Amino acid sequence: MKLKAPPNRDAYDLILDAIDQGIYRPGDRLVESELAERFGVSRTPIREALQRLETQSLLTRDGRSLIVSSLDHAQMAELYAVRQELEGLAARLAAQHAAEEEIKVLRDMVDADRALLGDPEALARANRRFHHQIHLASHNRFLVQQLDLVYRSMALMARTSLAAAGRGEKALAEHAAIVDAIAERDGARAAAALKEHLSIAFVVRLKEEAQAG
């Protein structure tokens, strides 16, 4: 399927989005000519984008080919440890700095996302939007930049934890508790709620990994 590249989007962003959306999953081989045809761009920017993604460890070389990287157990644990601290800080700062309108948007997101229960992939996309909104509500551009880097690596997880039975509904309840703490300007509680939310998600992933092994 050929996709027309949106204006002002470079090949790097297009490939990164495709990985994030699950079009390309861990272990998939990326072929320069196929990517150029899919996105309707020349092979030179595709080649440069692939080199950049390999440098960032989002792609791994397999002989002469590049494949989408996957995270091993240790890397996943390291990623969650960093994510918990950075997102906890984002929630704490959001409780201090978020405008009332930003808090309303967060509440509306939780309400709207209930309609996605039963569709793990759609819920996963909504989940990323919700977390990103908290990052923005921190009003700290440097923290947002660091979290953007973390979320690039999150795309290397082959399956969303929201696919586990009953996880979606519980995750939305946890989201609501985070928003309540932010709305009440309780930074410590907001940080703790968000870190607990991620801790639970990590436990779900570990259980899935153990069952798969």
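Above this text sits the structure in question.
Here is a short report on the structure shown in this document. Because the structure is a prediction, the values reported are computed rather than measured. (Residues numbered from 1 in each chain as written. Predicted model: local features only at pLDDT ≥ 70, side-chain atom pairs only at ≥ 80, totals over all residues. Heavy atoms only, no water.)

1. Thoughts on the overall build of the protein
Thinking step 1. When helices and strands are tallied, the protein shows nine helices and three strands.
Thinking step 2. Ordered by position from N to C terminus, the α and β elements of the protein give α-β-α-α-β-β-α-α-α-α-α-α.
Thinking step 3. Here the C-alpha radius of gyration of the protein, 18 Å, is about what a compact globule of 213 residues would show, namely 17 Å.
Thinking step 4. The principal-axis extent of the C-alpha atoms belonging to the protein is close to 55 × 40 × 30 Å.
Thinking step 5. Excluding contacts between residues fewer than 6 apart, the proportion of contacts in the protein whose partners are at least 24 apart in sequence is 75%.
Thinking step 6. If you sum the accessible surface of the protein, you get close to 11,300 Å²; carbon and sulfur atoms cover 51% of it.
Thinking step 7. Here the protein contributes 29 positively and 32 negatively charged side chains, and the mean placements of these two sets differ by 3 Å. (Helix = DSSP H or I, 4+ residues; strand = E, 2+ residues; numbered from the N terminus. Rg over C-alpha atoms; globule rule 2.2 N^0.38 Å. Contact = heavy atoms within 4.5 Å. Areas by Shrake-Rupley, 256 points an atom, 1.4 Å probe, with all protein chains shown as cover. Lys, Arg positive; Asp, Glu negative; His and termini not counted. Charge placed at Lys NZ, Arg CZ, Asp CG, Glu CD.)

2. Notes on helix 3 (residues 43–55)
Thinking step 1. Relative to the 18 Å expected for 13 residues at 1.5 Å per residue, helix 3 spans 18 Å between its end C-alpha atoms, a close match to the ideal helical length.
Thinking step 2. Taken residue by residue, helix 3 has I46, A49, L50 and L53 as its buried positions. Angular distribution of buried residues about the axis of helix 3 spans 100°; they occupy a single face of the element.
Thinking step 3. Structurally, helix 3 contributes buried residues whose contacts are with helix 1 (11–20), strand 1 (29–30), helix 2 (32–39), strand 2 (59–62) and strand 3 (65–68).
Thinking step 4. S57 sits one or two residues past helix 3 and shows a positive phi near 70°. (Expected span 1.5 Å × (residues − 1). Buried < 20%, exposed > 50% of the residue type's maximum accessible area, 1.4 Å probe, protein only. Arc of directions from axis to C-beta.)

3. Quick look at the packing of aromatic side chains
Each aromatic ring pair is specified by the distance between its two centres and by the angle formed by the two planes.
Thinking step 1. Inspection of every chain in the model, using the stated rule, returns one aromatic pair.
Thinking step 2. On the numbers, 4.7 Å between centres and 15° between planes, the contact of Y80 with F202 is stacked. Taken together, the positions of Y80 in helix 4 (residues 73–97) and F202 in helix 9 (residues 187–212) put the pair 122 residues apart, joining distant regions of the chain.
Thinking step 3. The side chain of R52 reaches across the aromatic face of Y12, ending 3.6 Å from its centre. (Phe/Tyr/Trp six-rings, centres within 6.5 Å; stacked < 30°, edge-to-face > 60°. Lys NZ or Arg CZ within 6 Å of the ring centre and 35° of its normal.)

4. Thoughts on the side chain of E87
Thinking step 1. For E87, the position within the fold is in helix 4.
Thinking step 2. Classification of E87 by relative accessible area gives buried; the value is 0%.
Thinking step 3. Apart from the residues lying within four places of it in its own chain, the contact partners of E87 are H131, H135, L147, Y151, L194 and L198.

5. Here's the deal with the packing of helix 5 (residues 100–113) against helix 6 (residues 120–137)
Thinking step 1. It is the contact of helix 5 with helix 6, at a shortest axis distance of 10 Å, that shows an interaxial angle of 170°. As judged from the angle between their axes, helix 5 and helix 6 are roughly antiparallel. Where helix 5 abuts helix 6, its residues E102, V105, L106, M109, V110 and D113 lie against L123, A126, R129, F130, Q133, I134, L136 and A137.
Thinking step 2. Class assignment for the residues of the contact of helix 5 with helix 6 results in ten nonpolar, one polar and three charged. (Axes fitted to C-alpha atoms, helices over the stretch in contact; angles between N-to-C directions. Parallel < 35°, antiparallel > 145°, perpendicular 65-115°, else oblique. Nonpolar A, V, L, I, M, F, W, Y, C, P; charged D, E, K, R; others polar.)

6. A few points about the pattern of salt bridges
Thinking step 1. The final tally for this structure, using the stated rule, is 14 salt bridges.
Thinking step 2. Of the charged contacts in the structure, one is a salt bridge between K104 and D108, with a shortest N-O distance of 2.8 Å. Placement of the pair is K104 and D108 together in helix 5, with a separation of four residues, close to one helical turn.
Thinking step 3. Taking the relative accessible area as the measure of exposure, D108 reaches 37% and is therefore partly exposed. (Salt bridge = Lys/Arg side-chain N within 4 Å of Asp/Glu carboxyl O.)

7. Let's talk about the sheet that holds strand 2
Thinking step 1. In space, the three strands of this open sheet follow the order 1-3-2, with antiparallel pairing throughout. Each edge of the sheet is formed by a strand with only one pairing partner; in this case those strands are strand 1 and strand 2.
Thinking step 2. Both strand 2 and strand 3 contribute to a ladder of four bridges, which runs antiparallel. Within strand 3, the residue paired with L59 across the bridge is V68. (Pairing = 2+ DSSP bridges.)

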